Structure formats: C-alpha cells, structure tokens
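# Report on the structure
Listed here are the chains, written in short residue letters.
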Amino acid sequence: MSIAIKRAYEAPTPGDGQRVLVDRLWPRGISKDKAALDEWAREVAPSTELRQWFGHDPAKWKEFQKRFTAELDANEVHWKPLLERARKGHLTLVFSAHDEAHCNAVVLKAYLEKRL
C-alpha cells in the first residue's frame, strides 16, 4: 500500500504498480504505448478554471492547494477509485508538469495518503 508520483516523461518501471494519469490534458509528445497507463483519471485533476488560474506559479501554491483540496472534497466519486487502487497495492500518479514540487499530483498524493 503506497502512493508515488512520477512525471509522464520518465520511463515506466515494474515498481510503478498501477499507473494513473491525473492530468486533464494529455502530456505533449507522449504516445499511449510509451505512457504505459492503466487509467487516465482526468476528472480527478483540477478544474480547467483552477488550472488556468494557478498557471504553475509557485507564488500561488498555498492558495492552489486549498482550492484543489476543496474541489477534491466535493468530488469523492473521482478520487475514491484511486484510493481503492492504493489500498490493493502500489499506485503511481502520473503527471506532466515540469515543476515536480508544485503540481496537482503532489496535492492529490497527500490528500489520498491522509485517507489510507
């Protein structure tokens, strides 16, 4: 039972377990074969409005975390299946953002881990 995060541009490894893309947009330049995903959970990603407002600006990080957590609280149906996958084995949340410290996958991982 564990959750990891990994950029879509990193090669998949056997230790990834279940690989789920948690972005609303498909990563540029990545084929479906290369991504090696078990699922694309685009509905668990931040809303288009929130994503555009944030714009990966670290100065907005704290507020983004609050707003995204509120969206997750209101959409249990979208994140609950990820929690079930994590309870059964290793889950890797795949994302495409360049900033690995300030992205939705970081917030989602922490959110799910609190519920494990």
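Cut-offs and rules
- Residues numbered from 1 in each chain as written.
- Predicted model: local features only at pLDDT ≥ 70, side-chain atom pairs only at ≥ 80, totals over all residues.
- Heavy atoms only, no water.
- Pairing = 2+ DSSP bridges.
- Helix = DSSP H or I, 4+ residues; strand = E, 2+ residues; numbered from the N terminus.
- Core = buried A, V, L, I, M, F, W, Y, C linked by side-chain atoms within 4.5 Å.
- Buried < 20%, exposed > 50% of the residue type's maximum accessible area, 1.4 Å probe, protein only.
- Contact = heavy atoms within 4.5 Å.

Quick look at the pairing of strand β2 (residues 18-21) now. Across four bridges, the pairing between β2 and strand β4 (residues 90-95) is parallel. Note that in β4 the partner of Leu21 across the bridge is Val94.

Turning our attention to the nonpolar core. Membership of the largest hydrophobic core comes to 25 residues, with the highest contact counts inside it found for Val22, Val44, Leu82, Leu93, Leu108 and Leu112. Where this core is concerned, the elements lending two or more residues are α2 (48-54), α3 (61-73), α4 (76-88), β4 and α5 (104-115). Element by element, the count of residues in this core is highest for α5, at five residues. Dropping the residues within four chain positions of it, Leu82 is found in contact with Val20, Val22, Val44, Leu91, Leu93, Leu108 and Leu112.

The next point concerns unusual backbone geometry. A positive phi angle, near 50 degrees, is found at Ala36, a position not held by glycine. Inspection of the secondary structure assignment puts Ala36 in the loop between α1 (32-35) and β3 (39-40). Exposure remark for Ala36: the relative accessible area of 33% places this residue in the partly exposed category. For His56, which is not glycine, the phi torsion reads 55 degrees and is therefore positive. Counting through the fold element by element, His56 comes out in the loop between α2 and α3.

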